[in-house]
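Per-entry structural report
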Amino acid sequence: MLRLHDYWRSSAAYRVRIALNLKGVAYTAVPVDLVAGAQGAAGNRAVNPQGLVPTLILADGTALTQSLAIIDWLDATYPDPPLYPVDPVLRARALAMALSVVADIHPIDNLRVLRRLEAQFGADQAGRDDWYRHWVTLGLTALEEQAGSRSGAGPYLGGDAPGIADLCLVPQMYNARRFAVPLDRYPRLVAADAAACALPAFAAAHPDAVKPQ
């Protein structure tokens, strides 16, 4: 069985959980407590040299890292349902929306960056929260416009079915709400998020559903 090195509130791990659920692929979660610093422990670094999550361990022991790379492997290995459009232009647009979150919002708002703001620049909690909201607002504003290019007339960023952009959107919207980012300026994103979160695969991947008791 596949093993997922996971943290319940990690955006990157959340994306992978959604993909595994959509594909109907069983896995065992290996909790890695990011707040406690367990990502830097030897056991996690042995499979993920960056000291991050997620890591997907295959049946033969192969370790896959980086959420989009893991999702790409899942989509190639378990092609139904597909997470990317077939048309090259629509595929590029879907991936651009995904990368707006994965490459432009998430990396500068993750835990290690927020901690560095405190350690190097003396940012207090209010300052870190303001930093977070600034980059989320900037990113979601652009993504709301990008969402106008989505394929199909369906409710998801993927059009008639959720796709790679939705897998990236939903965790980011969860985090935006955690940090009290106003979302009324993003009606397309709010609608796509609500449609996706109503699906069992997304609901089962939600942090509240996997949070350690």
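Read on for a plain summary of the structure. Everything numeric in this text was worked out from a predicted model, so none of it was measured. (Residues numbered from 1 in each chain as written. Predicted model: local features only at pLDDT ≥ 70, side-chain atom pairs only at ≥ 80, totals over all residues. Heavy atoms only, no water.)

A closer look at the overall build of the protein chain
Inclusion rule: Only DSSP runs of H or I reaching four residues or more are called helices, and only runs of E reaching two or more are called strands; each is numbered from the N terminus. Here the globule rule reads 2.2 Å times residues to the power 0.38, and the radius of gyration is calculated from C-alpha atoms. To sort residues, take the accessible area from a 1.4 Å probe on protein chains only and compare it with the maximum for the residue type: under 20% means buried, over 50% means exposed, and anything in between is partly exposed.
Helix and strand counts for the protein chain come out as ten helices and four strands. Overall, the protein chain shows an N-to-C arrangement of helices and strands of β-α-β-α-β-β-α-α-α-α-α-α-α-α. Its C-alpha atoms give the protein chain a radius of gyration of 17 Å, within 12% of the compact-globule value 17 Å for 213 residues. Counting only C-alpha atoms and orienting by the principal axes, one finds that the protein chain spans roughly 45 × 45 × 30 Å. The 213 residues of the protein chain split such that 45% are buried.

Some thoughts on the layout of surface pockets
So the rule is basically this: Lining residues are defined by having an atom within 4 Å of a point belonging to a cavity or pocket. Those points lie on a 1 Å grid over the protein atoms alone, cavities being sets where a 1.4 Å probe fits but cannot get out and pockets being open sets with protein on both sides within 12 Å along at least five of seven lines. Grid points are joined across faces, edges and corners, and a volume is the space filled by probe spheres set on the points. Three residue categories are used. Nonpolar comprises Ala, Val, Leu, Ile, Met, Phe, Trp, Tyr, Cys and Pro, charged comprises Asp, Glu, Lys and Arg, and polar comprises the others, including Gly.
Considered as a void within the structure, the largest pocket measures approximately 940 Å³ in volume. In this structure, the largest pocket is lined by 39 residues; those nearest its centre are L34, H106, N110, L111 and R112. Elements supplying a minimum of two residues to the lining of the largest pocket: α1 (11-23), α4 (88-105), α5 (111-121), α6 (125-146) and α7 (164-178). For the lining of the largest pocket, the leading source of residues is α5, giving five residues. Its residues assigned to classes, the lining of the largest pocket comprises 14 nonpolar, 15 polar and ten charged.

Side note on the nonpolar core
Quick note on the threshold: Nine residue types can take part in a nonpolar core, namely buried Ala, Val, Leu, Ile, Met, Phe, Trp, Tyr and Cys, and a core is a set of them joined through side-chain atoms within 4.5 Å. Contact criterion: two residues are considered in contact whenever any of their non-hydrogen atoms come within 4.5 Å of each other.
Grouped together as the largest cluster of nonpolar side chains are 58 residues, with contacts concentrated most on I18, L56, I71, L140, L157, L167 and L189. The element best represented in this core is α7, accounting for nine residues. L189 has contacts with L140, L143, E144, A147, L157, L169 and M173, leaving out every residue within four places of it along the chain.

Focus on the state of the cysteines
Simply put, the disulfide is a covalent bond whose two ends are the sulfur atoms of two cysteines. Threshold: Note on disulfides: each one is a pair of cysteine sulfur atoms within 2.5 Å.
Summed over all chains, the structure comprises zero disulfides. Left unpaired, C168 is separated from the closest cysteine sulfur, that of C197, by 13 Å.

Quick word on the sheet that holds strand β1 (residues 2-6)
The cut-off we apply is this: Two strands qualify as a pair provided that DSSP identifies no fewer than 2 bridges between them. Helix axes are fitted to C-alpha atoms over the stretch in contact, other axes to C-alpha atoms as well, and angles between N-to-C directions run from 0 to 180 degrees.
Ordered by their spatial adjacency, four strands build an open sheet running β2-β1-β3-β4, and the pairing between neighbours is mixed. Edge strands, defined here as strands with exactly one partner in the open sheet, are β2 (27-31) and β4 (63-65). Between one strand and the next, the sheet's axes are offset by a mean angle of 25°, whatever the strand orientation. By the bridge criterion, three bridges tie β1 to strand β3 (residues 55-57) in an arrangement that is antiparallel. Among the inter-strand pairings, H5 is bridged to a residue of β3, identified as T55. Lying over the sheet, α1 contacts β1 and β2, oriented at roughly 155° with respect to β1. Against the sheet, helix α3 (residues 67-77) contacts β1, β3 and β4, and its axis sits at roughly 120° relative to β4.

With respect to the pattern of salt bridges
Proximity of charged atoms lets side chains of opposite charge pair with each other. How we decide: When a carboxyl oxygen of Asp or Glu lies within 4 Å of a side-chain nitrogen of Lys or Arg, that pair is called a salt bridge.
Tallying each qualifying case throughout the model produces five salt bridges. A salt bridge links K23 to D75, with the shortest nitrogen-to-oxygen separation between them at 2.6 Å. Of this pair, K23 sits in helix α1 while D75 sits in helix α3, placing them 52 residues apart in sequence. Taken as a pair, K23 and D75 share a single burial class, namely buried. The shortest N-O distance in the salt bridge between D193 and R177 comes to 3.0 Å.

Overview of the environment of P31
Summarising the element assignment, P31 is placed in strand β2. Sequence separation between P31 and L4 is 27 residues, and the spatial gap between their C-alpha atoms is 8.2 Å.

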